[in-house]
Amino acid sequence: MIGRTASANKKNRTVSKKHLNDLVTQVAGRYGYVEASAEFVDDMDFKVNWTRGPDWIHFNVSDYLDRAPDEVLVDVFDTVFRKIAGDEDAQISRVVGYSHSPGILADNRKDYYKRDSRTLLNDRERLFDSLGRLRAMGVIPEDLDVDVCWKFLPYSKAGECSYLHDIVMVNERLGSAPDPVLDYVIWAKVAHLIDGYIPEPGAYPSILKNYALSASVAKWLDDHGFNTEEW
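Residues numbered from 1 in each chain as written. Predicted model: local features only at pLDDT ≥ 70, side-chain atom pairs only at ≥ 80, totals over all residues. Heavy atoms only, no water.

**Let's talk about the pairing of strand S3 (residues 56-62)**
Residues in a regular strand point their side chains to alternate faces of the sheet.
Item 1. Examined bridge by bridge, strand S1 (residues 35-41) and S3 share 7 bridges and lie parallel to one another. Of the residues in S3, the one forming a bridge with Ser37 is His58.
Item 2. One ladder, built from 5 bridges, connects strand S2 (residues 48-52) with S3; its direction is antiparallel. For Trp50, the partnering residue across the bridge sits in S3 and is Phe59. (Pairing = 2+ DSSP bridges. Helix = DSSP H or I, 4+ residues; strand = E, 2+ residues; numbered from the N terminus.)

So, in structure tokens, the structure goes:
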């Protein structure tokens, strides 16, 4: 087992560049690679990219994982190598659990907000009030640590969410929307966080049936140019 090398920095990073390279070299060797390297990059979204040749490979790994335990990083590298080898069913399994762990979620959210210039963190009282109403209705679990903010989004898009960071982002055009409209838009995005990431376009979380879209809310959204099919 490769030992952890600590390397503190302004982000409290505990995975040093050397240790990251030791891990990827260890995993790459099992797949026949002679040379392997990796580095952390500060993209807004979680990404793992790679370039490779016949016997070498280099990874750019999201720095949202720069404090991750070895088993999380090994899972990421191993999954990529399995995909390269033709395993279409290979899926990274440990990143979400790690990202939602105490301390990590809050810190990574701060980085996400700093990197996304379209998010607006001021005047969020109405958003928090909406979350409170939804929790009182019992449709949002008390243990779901969801955050919510305004965001500059395409004109017809009511909202979006970050599954990795449990953030719901609401189109800033909805700042003056009636409470029922705001509640439903936030709930529709929270439903994705509860049900899990759904990559297919137009796929509706099954949990949406717990809080149906009313005719009056649908009409308001339609009248104001929002597409209720883009949930």
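There is more to say after this.
**Here we look at the confidence of the model for the protein chain**
Item 1. When pLDDT is averaged along the protein chain, the result is 89, and 88% of the positions lie at 70 or above.
Item 2. Note on residues 1-10: pLDDT under 50 across the span, and 22 contacts to partners over four residues away in sequence or across chains. (pLDDT = per-residue confidence, 0-100. Contact = heavy atoms within 4.5 Å.)

**Focus: the packing of aromatic side chains**
The geometry of an aromatic ring pair is captured by the separation of the ring centres together with the interplanar angle, meaning the angle of the planes.
Item 1. Summed over the entire model, instances satisfying the criterion amount to 6 aromatic pairs.
Item 2. Both rings, one in Tyr33 and one in Phe81, keep their centres 5.2 Å apart while their planes meet at 45°; by these two values the pair is tilted. On the criterion of sequence distance, the pair formed by Tyr33 in the loop between helix H1 (17-29) and S1 and Phe81 in helix H2 (residues 70-84) is long-range, its members being 48 residues apart. Grouping residues by exposure puts Tyr33 and Phe81 together as buried.
Item 3. Among the aromatic residues, those joined into a ring-pair cluster are Tyr31, Tyr33, Trp50, Phe59, Phe77 and Phe81.
Item 4. Note that Arg173 overlies the ring of Tyr155, its terminal NZ or CZ placed 3.5 Å from the centroid. (Phe/Tyr/Trp six-rings, centres within 6.5 Å; stacked < 30°, edge-to-face > 60°. Buried < 20%, exposed > 50% of the residue type's maximum accessible area, 1.4 Å probe, protein only. Lys NZ or Arg CZ within 6 Å of the ring centre and 35° of its normal.)

**Digging into the pattern of salt bridges**
Item 1. Within the structure shown, the criterion is met by 15 salt bridges.
Item 2. Two residues, Asp78 and Arg30, come together in a salt bridge whose shortest N-O distance is 3.5 Å. With Asp78 in helix H2 and Arg30 in the loop between H1 and S1, this residue pair connects regions lying 48 residues apart in the sequence.
Item 3. A residue is classified by how much of its surface remains accessible, and Asp78, at 17% relative accessible area, is buried.
Item 4. When the shortest N-O distance is used, the salt bridge between Glu160 and Lys157 registers 3.0 Å. (Salt bridge = Lys/Arg side-chain N within 4 Å of Asp/Glu carboxyl O.)

**Quick notes on unusual backbone geometry**
Backbone geometry follows two general trends: most residues other than glycine have a negative phi, and most peptide bonds adopt the trans configuration.
Item 1. Non-glycine residue Asp123 carries a positive phi angle of around 55°.
Item 2. Note that Asp123 resides in the loop between strand S4 (119-120) and helix H5 (125-137).
Item 3. Classification of Asp123 by relative accessible area gives exposed; the value is 56%.
Item 4. Phi angles above zero are rare outside glycine, and Asp166 is one such case at about 50°.
Item 5. Look at Asp166 and you get buried, because its relative accessible area is 5%.

**Description of the sheet that holds S2**
Item 1. An order of S1-S3-S2 is seen for the 3 strands of this open sheet, with the pairing classed as mixed. Unpaired on one side and paired on the other, S1 and S2 mark the two borders of the sheet. Taken pair by pair, the neighbouring strands of this sheet meet at an average axis angle of 15°, ignoring direction.
Item 2. Contacting S1 and S3, H1 crosses the sheet at an angle of about 135° to S1.
Item 3. This element, H2, spans S1, S2 and S3 of the sheet and lies at about 130° to S3. (Axes fitted to C-alpha atoms, helices over the stretch in contact; angles between N-to-C directions.)

**Regarding the sheet that holds S4**
Pairing between the strands of a sheet comes from backbone hydrogen bonds, and it takes one of two forms, parallel or antiparallel.
Item 1. Here we have 4 strands laid out as an open sheet, ordered S4-S5-S7-S6, and mixed in their pairing. Every other strand in the sheet has two partners, leaving S4 and strand S6 (159-162) as the edge strands with one partner each.
Item 2. Bridge analysis of strand S5 (residues 147-151) against strand S7 (residues 167-171) gives 5 bridges, and the strand direction is parallel. By the bridge assignment for S7, Val148 is matched with Val168.
Item 3. Along the sheet, helix H6 (residues 179-195) makes contact with S5, S6 and S7, crossing S7 at roughly 145°.

**Section: the packing of H1 against H2**
Item 1. Axis separation between H1 and H2 bottoms out at 10 Å; the angle between their running directions is 45°. With respect to H2, the element H1 is oriented oblique. Crossing handedness for the pair H1 and H2: right-handed. Residue-level inspection shows His19, Leu20, Leu23, Val24, Val27 and Ala28 of H1 in contact with H2, the latter providing Asp70, Leu73, Val74, Phe77, Asp78 and Phe81. (Parallel < 35°, antiparallel > 145°, perpendicular 65-115°, else oblique. Left-handed = near helix turned anticlockwise from the far one by under 90°.)

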